[in-house]
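# Overview (structure and organization)
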Amino acid sequence: MFHEYKKVIEEGDLVVAYATPESMSVIKVSSGEILNNRYGNFWHSKMIGLKFGSKIQSQTGTGFIHLLSPTPALWTQVVPHRTQILYLPDISFISLYLDLKPGKVVIESGTGSGSFSHSIARTVAPTGHLFTFEYHELRAQTAKQEFAQHNLTDVVTIEHRDVISNGFGRNNIADAVFLDLPAPWDAVAAAKQALRADTIGRICCFSPCIEQVQRTALALNEHGFTDIRMFECLAKNHEVRSVPLPNIDEAISGNKINFKAIANELKSKKRKMDIDTDQDILVSKPLDQVRGHTSYLTFAILAPTDN
Ligand SMILES: C[S@@+](CC[C@H](N)C(=O)[O-])C[C@H]1O[C@@H](n2cnc3c(N)ncnc32)[C@H](O)[C@@H]1O
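Here the structure is a predicted model, which means the values were calculated and not measured.

The UniProt feature table records "binding site: S-adenosyl-L-methionine" (unreviewed entry) at Glu134 and Asp180. Across 47 residues, the annotated set stays spatially compact, with a maximum C-alpha separation of 10.4 Å. Mapped onto the elements of the fold, glutamate 134 is located in strand S8 (residues 129-134). Take glutamate 134: its relative accessible area is 5%, and that puts it in the buried class. Residue contacts for glutamate 134: discarding those within four places in its chain leaves Gly110, Thr111, Gly112, Arg139, Ala140, Glu159, His160 and Arg161. The class for aspartate 180 is partly exposed, based on a relative accessible area of 28%. Those residues within four positions of aspartate 180 in sequence are excluded, and the remaining contacts are Leu86, Ser109, Gly110 and Phe206.

Following this line, the structure appears as structure tokens:
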């Protein structure tokens, strides 16, 4: 699971019950259990033997869900939030900028809810490794259990540890370090020790406030990191809509087409509108709200020190 995919659902498997992009949940398949959601009741026993990706009807036949194999991207959307978590735009950008790929060794702190850890693990598997550190004992234990349930123990090692006071306890092993901590600047010296001396080391610090970025950049500079850059990722989602085709006669006659009036009419009539389908066109429209600021991403590299 997560880095190896199964074809058929069996007892005990983790399944993402996907109703809509906004409505998903994760279940552990167990005969005798029933998933209840706003789309109906779904018996786990009926899921066993189906292929991942199958669509099943609710008991009454009025609703349906798809049974998906868990992936890091889906996990991020269903993970129980024990802390703030990283979302897909930041996860994808950080993974690329830290040059994560199979075989890389990564150090992360704090583990938090393990949202990013799952993606890192999938990206560096099967030959790489993630060492992740969390000083909140219960969070560390919960994440450890999840990594075990998700068959990630060969790729992930989690340690209950305060990395500011005690460092990472590992020197000269990491290709990349990722810090999602309130005071990342206090862990920069430890990060430098953990990074490999024989190759370029990369670091990313994830901080919501610009003052944290300033202090982090100063610390990175002091410890010899270079190419310090800061980014902010904002995702702009689009949705597909059906809108009536503007009248061609009006267009030819030169009468101005009032798109605003069309949009307002659409808005007021919403789904009640009964338009001839021949007159409809599919358009893509950005959603009115762009998901807000999550954090600033401060990146830097450490040149090889072992010549
Ligand atoms: C925002 S959460 C990380 C969320 C994580 N990136 C995710 O995607 O799920 C920050 C975590 O850092 C942990 N933390 C804070 N200070 C720490 C320290 N000195 N050593 C280890 N963990 C620490 C907190 O307990 C918290 O769980």
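With an omega of -10°, the peptide bond between serine 109 and glycine 110 qualifies as cis. Looking at the secondary structure, you find glycine 110 in the loop between strand S7 (105-109) and helix H3 (115-124). One non-glycine residue, asparagine 172, lies in the positive phi region at around 60°. Assignment of secondary structure puts asparagine 172 in the loop between helix H5 (163-166) and strand S10 (176-179).

As summarised here, the arrangement of the four strands in space is S2-S1-S6-S5, forming an open sheet in which the pairing is antiparallel. For this open sheet the edge positions go to strand S2 (23-28) and strand S5 (55-57), each flanked by a neighbour on one side alone. The average undirected angle you get between the axes of adjacent strands in this sheet is 30°.

Attention shifts here to the side chain of serine 117. Tracing the chain through its elements places serine 117 in helix H3. Separated by 2.7 Å, the side chains of serine 117 and glutamate 108 make a polar contact. The residues contacting serine 117, other than those within four sequence positions of it, are Glu108, Thr111, Leu130, Thr132 and Phe147.

The subject of this paragraph is the nonpolar core. Ile94, Leu98 and Phe178 are the most contacted members of the largest nonpolar core, which totals 35 residues. With four residues, H3 is the single largest residue contributor to this core. Viewed by domain, this core spans two of them, domain 1 (14-70) and domain 2 (74-234 + 293-302), each represented by three or more residues. Residues contacting leucine 98, with those up to four places away along its chain left out, are Ala176, Val177, Phe178, Arg202, Ile203, Cys204 and Phe299.

A few words on the pattern of salt bridges. Counted according to the given criterion, the structure contains 10 salt bridges. Between arginine 82 and glutamate 146 there is a salt bridge whose closest N-O contact spans 2.9 Å. A residue pair is termed long-range when its members are at least 10 positions apart, and arginine 82 in the loop between helix H1 (72-78) and helix H2 (88-97) and glutamate 146 in helix H4 (residues 137-149) qualify at 64 residues. Taking relative accessible area as the criterion, arginine 82 reaches 23% and is therefore assigned partly exposed. It is possible to trace a salt-bridge network through shared partners that takes in Lys6, Glu10 and Asp13.

A few words now on the site of the ligand. Around the ligand lies a shell of 24 residues, among which Glu134, Arg139, Asp162, Val163 and Asp180 are the nearest. Sorting the residues of the shell around the ligand by element identifies H3, S8 and H5 as the ones contributing at least two each. Looking at the shell around the ligand residue by residue, the class counts come to nine nonpolar, 10 polar and five charged.

On to the sheet that holds S10. Spatially, the seven strands line up as an open sheet ordered S9-S8-S7-S10-S11-S15-S12, and their pairing is mixed. Each having just a single partner strand, strand S9 (156-160) and strand S12 (226-232) make up the two edges of the open sheet. Pairwise comparison of adjacent strand axes, ignoring direction, gives a mean angle of 15° for this sheet. Bridging between S7 and S10 involves four bridges; their strand directions are parallel. Within S10, the position partnered with serine 109 by the bridge is leucine 179. Contacts from H2 reach S10, strand S11 (201-207), S12 and strand S15 (296-302) within the one sheet, and its direction differs from that of S15 by about 10°. Against the sheet, H4 contacts S8 and S9, and its axis sits at roughly 160° relative to S9.

What counts as what
- Residues numbered from 1 in each chain as written.
- Predicted model: local features only at pLDDT ≥ 70, side-chain atom pairs only at ≥ 80, totals over all residues.
- Heavy atoms only, no water.
- UniProt positions renumbered as here; feature names shortened; annotations may be inferred.
- Helix = DSSP H or I, 4+ residues; strand = E, 2+ residues; numbered from the N terminus.
- Buried < 20%, exposed > 50% of the residue type's maximum accessible area, 1.4 Å probe, protein only.
- Contact = heavy atoms within 4.5 Å.
- Pairing = 2+ DSSP bridges.
- Axes fitted to C-alpha atoms, helices over the stretch in contact; angles between N-to-C directions.
- Polar contact = N/O pair within 3.5 Å; in protein donor to acceptor, adjacent residues only side chain to side chain.
- Core = buried A, V, L, I, M, F, W, Y, C linked by side-chain atoms within 4.5 Å.
- Domains from an automatic or database assignment.
- Salt bridge = Lys/Arg side-chain N within 4 Å of Asp/Glu carboxyl O.
- Near = heavy atom within 4 Å.
- Nonpolar A, V, L, I, M, F, W, Y, C, P; charged D, E, K, R; others polar.

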